[in-house]
Amino acid sequence: MADPRTLFLVSLSLLAISPAIAGISPHAVDDDRRSASILRAFDTSNYGKLQLDNGLALTPQMGWNSWNFFACNINETVIKETADALISTGLADLGYIYVNIDDCWSSLLRNLKGQLVPDPKTFPSGIKALADYIHGKGLKLGIYSDAGAFTCQVRPGSLYHENDDAELFASWGVDYLKYDNCFNLGIKPEKRYPPMRDALNSTGHTIFYSICEWGVDNPALWAGKVGNSWRTTDDINDTWVSMTTIADLNDKWASYAGPGGWNDPDMLEVGNGGMTYLEYKSHFSIWALMKAPLLIGCDIRNMTAETFEILSNKEVIAVNQDPLGVQGRKVTSAEENGCSQVWAGPLSGGRLVVNLWNRCSKPVTVAAKWEVLGLDASTSVSVRDLWKHKNIAENVAGTLESQVDAHDCKMYIITPKSSHSAV
């Protein structure tokens, strides 16, 4: 099946040959040509070439993961209550459907049959019963293992147990596997991760495959045919320095993301207390623009109103879930040692998302010029502010600029309206 961008570009080619096809108006042709120009302004040279075609991850995955807040302090009650909270808060309705258990769910040893066993103290009902509970809420259950002899917390890993463990996960009704990289015996990840892909696919039960290789061996170059997402960085910490560093590392692989497979700069820290409201707002805005997985990492049973406001922003989520599926990226970084930045990317319908990000320690004016966005100089646009939830300007041309507070990120969708010269 052809990827969406291929079909999109083929349609543009047909329109260029004959604008009258199917009664299409000249205005529609102009819009499509502007879309093509915008796409050319961003590196999408690898888009759609590498993605694993298992029917999953047409948009980045959304949900919750236990590690960032709970680490090993998990049990089946926490997992059930989190699923309940996803429903009661309305986050599930916004797309947060995966409830992912991270490390420490299993016993320290396999059983006499060589199978993984849930820890009887913390998961006494077993994973199958927990999956049934999660599914009863209309949600999906994720679990964790490792492409090594042990997990990072020294529980049994799945290296050389791929077929048995995949069958076990499928029998429990697991929908998602996060597959880590500890105790890997020095074996190259390109050799350790494909066997689990094959094992999962052979079960006949569809399971999202999340590769957690930490970006060690440039996974964007090979993991697209193996998993549905791949970590491009080491673990995130709940700090401004960690978050911004990881954003920059993930940015270099932007051209490799697309429907079916996504760059993963790790889970969200929004709501865990280590950053300010504006810093968390920046975190969420940039992750959404980068088409990163949106996996909540806080305790949503007890989140603040500010945390909920950020995580529930429908317009920002819609950018992340846009069907065109092109990862946005950093397009300018100039003033004051690069702390005043523009990040942007194409969206469906010929629109663009533009983030004006101030990584400086004081307010600055951040400007996005049309040439870096792939727009003709004479193009006028309408501008919508995704955090104010309102249209803020019409017929803007040449440059979009705003004063941005320290560590804040303003996020806009700009929609081209007219151009007085051919693109």
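Before any of the text, the structure's been laid out above.
What you see is a predicted model, and the numbers here were worked out from it, not measured in a lab. (Residues numbered from 1 in each chain as written. Predicted model: local features only at pLDDT ≥ 70, side-chain atom pairs only at ≥ 80, totals over all residues. Heavy atoms only, no water.)

### Topic: the sheet that holds strand S1 (residues 62-65)
Next up, step 1: A sheet is described by the order of its strands in space; here eight strands give the open sequence S7-S6-S5-S4-S3-S2-S1-S8, paired in parallel fashion. Each edge of the open sheet is held by one strand with a lone partner, namely strand S7 (262-264) and strand S8 (294-296). Averaged over all pairs of adjacent strands, the angle between strand axes in this sheet comes to 25°, irrespective of strand direction.
Next up, step 2: One ladder, built from three bridges, connects S1 with strand S2 (residues 98-100); its direction is parallel. Looking at S2, one finds that Gly 63 is bridged to Tyr 98. (Pairing = 2+ DSSP bridges. Helix = DSSP H or I, 4+ residues; strand = E, 2+ residues; numbered from the N terminus. Axes fitted to C-alpha atoms, helices over the stretch in contact; angles between N-to-C directions.)

### Regarding the state of the cysteines
Next up, step 1: Applying the stated criterion across every chain, the model contains three disulfides.
Next up, step 2: The partner cysteine of Cys 152 in its disulfide is Cys 182, sulfur to sulfur 2.0 Å. Classification of the bridge connecting Cys 152 and Cys 182 rests on its S-S torsion, roughly 90°, and on that basis the disulfide is right-handed. A residue pair is termed long-range when its members are at least 10 positions apart, and Cys 152 in the loop between strand S3 (140-146) and helix H6 (162-172) and Cys 182 in the loop between strand S4 (176-180) and helix H7 (189-192) qualify at 30 residues.
Next up, step 3: Put simply, Cys 339 and Cys 360 are joined by a disulfide, and their sulfur atoms are 2.1 Å apart. Between Cys 339 and Cys 360 the disulfide shows an S-S torsion of about 90°. By sign, it is right-handed. (Disulfide = S-S within 2.5 Å.)

### Considering unusual backbone geometry
Next up, step 1: Positive phi outside glycine occurs at Ala 57, with the angle close to 60°.
Next up, step 2: Here Ala 57 is to be found in the loop between helix H2 (26-40) and S1.
Next up, step 3: Backbone geometry at Asn 395 places phi at a positive 55°, although glycine is not the residue there.
Next up, step 4: Inspection of the secondary structure puts Asn 395 in strand S14 (residues 390-397).

### Quick word on the pattern of salt bridges
Close approach of charged atoms lets side chains of opposite charge pair.
Next up, step 1: Per the stated rule, a full pass over the model turns up 17 salt bridges.
Next up, step 2: Two residues, Asp 217 and Lys 188, come together in a salt bridge whose shortest N-O distance is 3.1 Å. With Asp 217 in the loop between strand S5 (208-211) and strand S6 (229-231) and Lys 188 in the loop between S4 and H7, this pair connects stretches of sequence that are 29 residues apart.
Next up, step 3: Take Lys 188: its relative accessible area is 44%, and that puts it in the partly exposed class.
Next up, step 4: Here Arg 351 ties to Asp 322 by a salt bridge, and the two come within 3.2 Å at their closest N and O atoms. Within this pair, whereas Arg 351 is found in the loop between strand S10 (340-346) and strand S11 (352-358), its partner Asp 322 is found in the loop between helix H12 (314-320) and strand S9 (329-333), the two being separated by 29 residues in sequence.
Next up, step 5: With a relative accessible area of 25%, Arg 351 lands in the partly exposed category.
Next up, step 6: Judged by relative accessible area, which is 4%, Asp 322 ranks as buried.
Next up, step 7: Each of Glu 81, Asp 299 and Arg 301 takes part in one network of salt bridges that share partners. (Salt bridge = Lys/Arg side-chain N within 4 Å of Asp/Glu carboxyl O. Buried < 20%, exposed > 50% of the residue type's maximum accessible area, 1.4 Å probe, protein only.)

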